[in-house]
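# Structural overview
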Amino acid sequence: MIRARGLEKRYGDRRILRGVEFDLTRGGLLVVTGPNGSGKTTLLRLCVGLATPTAGELAVEVERTRVGFLAHEPLLYRQLTALENLDLYGRLYRIPERRERIGMLLERFGLWDERHTRAASYSRGMLQRLALCRTLLHEPDLLVLDEPFSSLDDEGAALLDRELAERRDRAAFVVATHDPDRVLPLATAKLALG
Amino acid sequence: MTYLADVGALARKDLTLELRARDTLPAMLLFVLSILVVFHFVLPPESSDLAAKGLLWVGILFTALLGLTRAFAAEREDDAIDGLILATRDRSAIWLGKALAVFVFLALAELVALPAFALFFTDIGGGTIAGVVLADVGLCAVGTLLAAMATASRARELLLPLIFLPLAIPIVVGGVGASVGSHPATYAGFLALYDAIFALLAWASFDYVLTE
């Protein structure tokens, strides 16, 4: 699903990534670790196609619209409600039975009662839950998650554990985290940067 | 049809955001009315109607620029543009949806500005109205593309006017010609040609603009 060979990324004179190599197939989970500034987020952006490598080979055999990306920022509109945000993405992803799927995700992530509340009023943890709903909305084949457990309380983190385990056979995962122990039981490969 | 559905969803999102935040349209309205009042006092009483119509185009141009400066503000917040890039099958839908929303805001501002202009200065004819509509299409098509380019820059507020105004000069030429020229239809045709060419260029190049 993803094949990286001699991957390099530079911004001007600054080299962010050098010689990164890995393979990821369906059902695989790559854990990416490293200190701040080691290039974890850059690698994730390369994997989802939001950045292009400076050198090396990166083959991602997944359509862009089949990728689910959980970034540092929620990639949502603060002035829209949870329902409106997910409805917009549901339309763009052309999800059949969109309303049912959105309702199911909001219910599962404990946001149903706040579905008509604007995202601007959400706490950081609620925003992360809503961002997870957006990420999982279209049942992606490739899930790229940047610090997915950040801001989540114990219940939210357990929920995410369950979601990852449930999707294990249907998708491939790239997870960047400072807390690798949390996903190591599911991991098939580990990449340490920096 | 699915492409148009994407465009509709994106434009509707922008209109909803504006209804909630009300941070672009009121500013455009206030700006265009303020600038007309300033022009009213700047122009000597014996000035011709032709000069006044020239100033109308200055007002329209800078009101459009004000709206374009805010065009991608919601996408900058929380990096929502990345979400749209990943979700849309054809990224040009983002451009078209945004250009439509900016067109609506500009048209609403002009719905107030044109009667105000008639009140302060002189009557507006069919040539001017046709010129304004055609100019709006060009301003929004080119401006939305350039606003997306400028959004990626830290100096976006400086960059946008610098790249937008030179490309808007033909629109001003066509608009003023349609308003006061002896052959308004020729200038309207020129504006329509500009709109077609630059809308096509913007549509085709938007994907490239969004690529890192």
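See the structure above.
Each value, and the rule that gives it
Residues numbered from 1 in each chain as written. Chains lettered and ligands numbered in written order. Predicted model: local features only at pLDDT ≥ 70, side-chain atom pairs only at ≥ 80, totals over all residues. Heavy atoms only, no water. Helix = DSSP H or I, 4+ residues; strand = E, 2+ residues; numbered from the N terminus. Rg over C-alpha atoms; globule rule 2.2 N^0.38 Å. Buried < 20%, exposed > 50% of the residue type's maximum accessible area, 1.4 Å probe, protein only. Contact = heavy atoms within 4.5 Å. Areas by Shrake-Rupley, 256 points an atom, 1.4 Å probe, with all protein chains shown as cover. Lys, Arg positive; Asp, Glu negative; His and termini not counted. Charge placed at Lys NZ, Arg CZ, Asp CG, Glu CD. Pairing = 2+ DSSP bridges. Axes fitted to C-alpha atoms, helices over the stretch in contact; angles between N-to-C directions. Buried area = accessible area lost by both parts, 1.4 Å probe. Salt bridge = Lys/Arg side-chain N within 4 Å of Asp/Glu carboxyl O. Polar contact = N/O pair within 3.5 Å; in protein donor to acceptor, adjacent residues only side chain to side chain.

### Some details on the overall build of chain A
Of regular secondary structure, chain A possesses five helices and eight strands. Overall, chain A shows an N-to-C arrangement of helices and strands of β-β-β-α-β-β-α-α-α-β-α-β-β. By the compact-globule yardstick of 16 Å for 194 residues, chain A fits well, its C-alpha radius of gyration being 17 Å. Its C-alpha atoms give chain A principal-axis dimensions of roughly 45 × 30 × 30 Å. Here chain A holds 194 residues, and the buried ones make up 54% of them. For chain A, contacts bridging at least 24 residues in sequence account for 71% of all contacts bridging at least 6. By element, 45% of the accessible surface of chain A is carried by carbon and sulfur atoms, the whole surface being about 8,400 Å². Within chain A, one finds 30 positive and 28 negative side-chain charges whose respective centroids are separated by 4 Å.

### Some thoughts on the sheet that holds strand β5 (residues 67-70) of chain A
All names here are of chain A. A sheet is described by the order of its strands in space; here five strands give the open sequence β5-β6-β7-β3-β8, paired in parallel fashion. Unpaired on one side and paired on the other, β5 and β8 (189-192) mark the two borders of the sheet. Strand-to-strand, the axes of this sheet are offset by a mean angle of 10°, without reference to chain direction. Bridge analysis of strand β6 (residues 142-146) against strand β7 (residues 172-176) gives five bridges, and the strand direction is parallel. If you follow Val144 over to β7, its bridge partner there is Val174.

### Considering helix α1 (residues 40-48) of chain A
Residue and element names in this part refer to chain A. Where burial is concerned, most of α1 is hidden: seven out of the nine residues are buried. Listed as buried for α1 are Lys40, Thr42, Leu43, Leu44, Leu46, Cys47 and Val48. Where α1 ends, the next residue or the one after it, Gly49, has phi of about 90°, a positive value.

### What to know about the sheet that holds strand β2 (residues 14-24) of chain A
All names here are of chain A. Ordered in space as β2-β1-β4, the three strands form an open sheet in which the pairing is antiparallel. Both edges of this open sheet fall to β2 and β4 (55-60), since each of them pairs with a single strand only. Sheet twist, expressed as the mean angle between neighbouring strand axes with direction ignored, is 25°. Packing against the sheet, α1 makes contact with β1 (2-11), β2 and β4, and its axis sits at approximately 55° to β2.

### A word on the environment of Ala71(A)
Residue and element names in this part refer to chain A. Of note, Ala71 is situated in the loop between β5 and α2 (82-92). Looking at Ala71, the relative accessible area reads 10%, which means it is buried. Distance from Ala71 to Phe149, taken between C-alpha atoms, is 11 Å for residues 78 residues apart in sequence. Excluding residues within four positions of it along the chain, Ala71 makes contact with Arg134 and Asp146.

### Notes on the interface of chain A and chain B
On the side of chain B, 28 residues touch chain A, which itself brings 28 residues to the contact. Both faces considered, chain A and chain B share a buried interface measuring about 2,700 Å² in area, 54% of it formed by carbon and sulfur atoms. Looking only at chain A, the three residues that lose the most surface to chain B are Arg64(A), Tyr77(A) and Arg94(A), adding up to 27% of its buried area. If you look at where chain A meets chain B, you find four salt bridges. As a salt-bridge pair, Arg78(A) and Asp78(B) come within 2.4 Å of each other at their nearest N and O atoms. For the pair chain A and chain B, the number of links is 13 residue pairs in polar contact (both at pLDDT 80 or more).

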